[in-house]
Amino acid sequence: MKPSVHPHARRFLLALVLAGLPVPALAARLEELPLPAGGGTAGVSNIAADATVVGTLWPVGEVLRWRPGQAPENLGGDTYTLENVIPLISADGATIVASHYFWTPGSDVPEAAPAVWDGSQWQRVPGIVLGDTTPFGIADDGSALAGAAYPAEPPPPGGFVSLLPWTWTAGTGQVVLDLPTGQEAGQAWAVSSGATRAAGFTTSASGATRHGVRWEGSAAHPILDGQGSAVGQAIACNSDCSVIVGAGVEGSGGSPQAWRWTAAAGVSYLGTVAGALPEATYYAFDTNEAGTMIVGSYYTIDPLLGPSNRGFVWTAAGGIVDLVDFLAARGIDYGEGFGDLVVNAMTRDGGKLLINGMDGDFQRRRAVVHLDGEAIFADGFEH
């Protein structure tokens, strides 16, 4: 669908012209990502600085890569995935990592482990010492991974099997991260260069509520707000994990709002979208380097579509807004009537947003929103 100028945006521009004010040159544009020629459908998960995108071809579960201006490439792989999260790509686009099944000689069942694309095939990441292992995060420079895995040795019959958080570098191999007191399981979803810091969540044995945690090395530090309350799961961080973002607490026992953490300011909640259900839970999926722009989704009940995920964009200057309204203010008519539409990743400079959704006809849609240069006004000056 070719994006068009939203009627509200037209009225806004006309008002500026009549008032004699500088009119913004709407530099924002939306680029829909095509499907491979062989058919199927696809979701997208992550984006590199040059707008290279990775995602998954369904129903076969193989990895796709969209390079700017090129048809999607099928990288294959015996993979499984968590859409909107896996596969992973480093900021420079040089490293692509996915979850794969590998057969071990003498075993009757395959084992899940991270695999890296070497340009021609998938190679198992070395140094994995735990059981079935899933990668959820990659450092911007590709030097480190983070995720969750089962213990190398199974528990006794009837024993509790807990997922363990871990980080990985080529030098250290897989390192198991500590759990806070009273927590029995955890997952790491974001990691800095060299795995010096990481972020994710831990749970009690019941696994009912995910609480955000950050790690300095392997030492765990629960993320608490100014009142000492635990926040929901941490999902992403900037390049050195000095900014961490995450989700609201699902259910009772905490704020449903997405949040941002910094060492200087602690936890700041991002607020709620105008018109959203008061109980809607928000998920911050990514941040720019400075933590001044954050993207994600919120879960709500649409009067016509029922349960629905809707995207949001938060900026330090403008607060939190629904994705459809954010695009409309930039002259792009896209996403209205979608059953699901989320912003699941962005480039570290905030110039490109990756959106993933399903339209009113239940067709998957994928797009990159290019915001580069949108602060340039038609009079030739920046304001």
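Because the structure is predicted, anything quoted here is derived from the model rather than measured.

Engineer: Describe empty space enclosed by the protein, listing the residues and the values that go with them.
Structural biologist: One simple way to see leftover space: roll a probe sized like a water molecule over the atoms. Here the structure, examined in full by the defined rule, presents one cavity of 30 Å³ or more. Space inside the largest cavity adds up to approximately 50 Å³. If you trace the largest cavity, you find it lined by Ser308, Asn309, Arg310, Gly311, Asp322, Leu323, Val324, Gly335, Phe338 and Leu341. Elements supplying a minimum of two residues to the lining of the largest cavity: β25 (306-315) and α2 (323-328). The element best represented in the lining of the largest cavity is β25, accounting for four residues. For the lining of the largest cavity, the class distribution of residues is four nonpolar, four polar and two charged.

Engineer: I'd like to hear about the pairing of strand β12 (residues 144-149), residue by residue, with values.
Structural biologist: Extensive coverage of β12 is indicated by the burial of six of its six residues. Judged by which residues are buried, β12 turns out to be covered on both faces: Ala144, Ala146 and Ala148 on one side and Leu145, Gly147 and Ala149 on the other are all buried. Alignment of strand β11 (residues 133-138) against β12, held across five bridges, turns out to be antiparallel. Paired with Ile138 across the strands is Leu145, a residue of β12.

Engineer: Break down unusual backbone geometry for me, citing the residues and quoting the values.
Structural biologist: With an omega of 5°, the peptide bond running from Trp58 to Pro59 counts as cis. Among the structural elements, Pro59 can be located in the loop between β3 (53-58) and β4 (62-66). Along the chain, Ile86 connects to Pro87 via a cis peptide bond; the corresponding omega equals 5°. As for its position among the elements, Pro87 is in the loop between β6 (79-80) and β7 (88-89). Even without being a glycine, Ala195 presents a positive backbone phi close to 60°. Phi at Phe362 takes a positive value of approximately 65°, unusual for a residue other than glycine. With respect to the helices and strands, Phe362 occurs in the loop between β28 (352-358) and β29 (364-370).

Engineer: Lay out the state of the cysteines with the relevant residues and their values.
Structural biologist: One pass over the structure, following the stated rule, counts one disulfide. Two residues share a disulfide in this structure: Cys237 and Cys241, whose sulfurs sit 2.1 Å from each other. No difference in accessibility class separates Cys237 from Cys241, as the two residues are buried.

Engineer: Can you explain the nonpolar core? Please cite residues and give values.
Structural biologist: Formed by 20 residues in total, the largest nonpolar core has its most connected members in Leu30, Leu327, Tyr334, Leu353, Ile355 and Val369. Counting residues per element, the ones that place at least two in this core are β24 (293-302), α2, β27 (340-346), β28 and β29. The leading source of residues in this core is α2, at four residues. Once residues lying within four places of it in the same chain are set aside, the contact partners of Leu327 are Leu30, Ile332, Tyr334 and Val369.

Engineer: Can you lay out the pattern of salt bridges for me, pointing to particular residues and giving the numbers?
Structural biologist: Scanning the entire structure with this criterion turns up 12 salt bridges. Here Arg364 and Glu83 are joined by a salt bridge, their closest N and O atoms 2.7 Å apart. Here Glu83 lies in the loop between β6 and β7 and Arg364 lies in strand β29, a separation of 281 residues in the sequence. Here Arg364 falls in the partly exposed class, since its relative accessible area comes to 25%. One connected set of salt bridges, linked through shared partners, spans Asp140, Asp286, Glu289 and Arg348.

Engineer: I'd love a proper account of the sheet that holds β11, names of residues and values included.
Structural biologist: The strand order across the open sheet formed by four strands is β11-β12-β13-β14, and the pairing between neighbours is antiparallel. Edge strands, defined here as strands with exactly one partner in the open sheet, are β11 and β14 (173-176). Put simply, the sheet's adjacent strands are angled 30° from each other on average, direction ignored. Examined bridge by bridge, β12 and strand β13 (residues 164-169) share six bridges and lie antiparallel to one another. Bridge pairing in β13 places Gly147 opposite Trp166.

Engineer: Summarise the pairing of β3; cite the residues concerned and give the values.
Structural biologist: Counting buried positions over the six residues of β3 gives five, a clear majority of the element. Note that strand β2 (residues 41-47) and β3 share six bridges and pair antiparallel. Its bridge partner being in β3, Gly43 is matched across the sheet by Thr56. Between β2 and the antiparallel strand that follows it, β3, lie five residues; Ala51 among them carries a positive phi value of about 80°. Here five bridges tie β3 to β4, and the two strands are oriented antiparallel to one another. Paired with Leu57 across the strands is Glu62, a residue of β4.

Engineer: Would you mind going over the layout of surface pockets in detail, with residue names and values included?
Structural biologist: Each pocket or cavity is described by its volume, and for the largest pocket that value is around 700 Å³. When contributions to the lining of the largest pocket are tallied by element, the ones reaching two or more residues are β2, β7, β11, β15 (185-191), β19 (234-237), β23 (281-287) and β27. Here the lining of the largest pocket is built from residues that sort into 21 nonpolar, nine polar and six charged.

Criteria and cut-off values
Residues numbered from 1 in each chain as written. Predicted model: local features only at pLDDT ≥ 70, side-chain atom pairs only at ≥ 80, totals over all residues. Heavy atoms only, no water. 1 Å grid on protein atoms, 1.4 Å probe; cavity = no way out; pocket = protein on both sides within 12 Å on 5 of 7 lines; lining within 4 Å. Points joined across faces, edges and corners; volume = space filled by probe spheres on them. Helix = DSSP H or I, 4+ residues; strand = E, 2+ residues; numbered from the N terminus. Nonpolar A, V, L, I, M, F, W, Y, C, P; charged D, E, K, R; others polar. Buried < 20%, exposed > 50% of the residue type's maximum accessible area, 1.4 Å probe, protein only. Pairing = 2+ DSSP bridges. Disulfide = S-S within 2.5 Å. Core = buried A, V, L, I, M, F, W, Y, C linked by side-chain atoms within 4.5 Å. Contact = heavy atoms within 4.5 Å. Salt bridge = Lys/Arg side-chain N within 4 Å of Asp/Glu carboxyl O. Axes fitted to C-alpha atoms, helices over the stretch in contact; angles between N-to-C directions.

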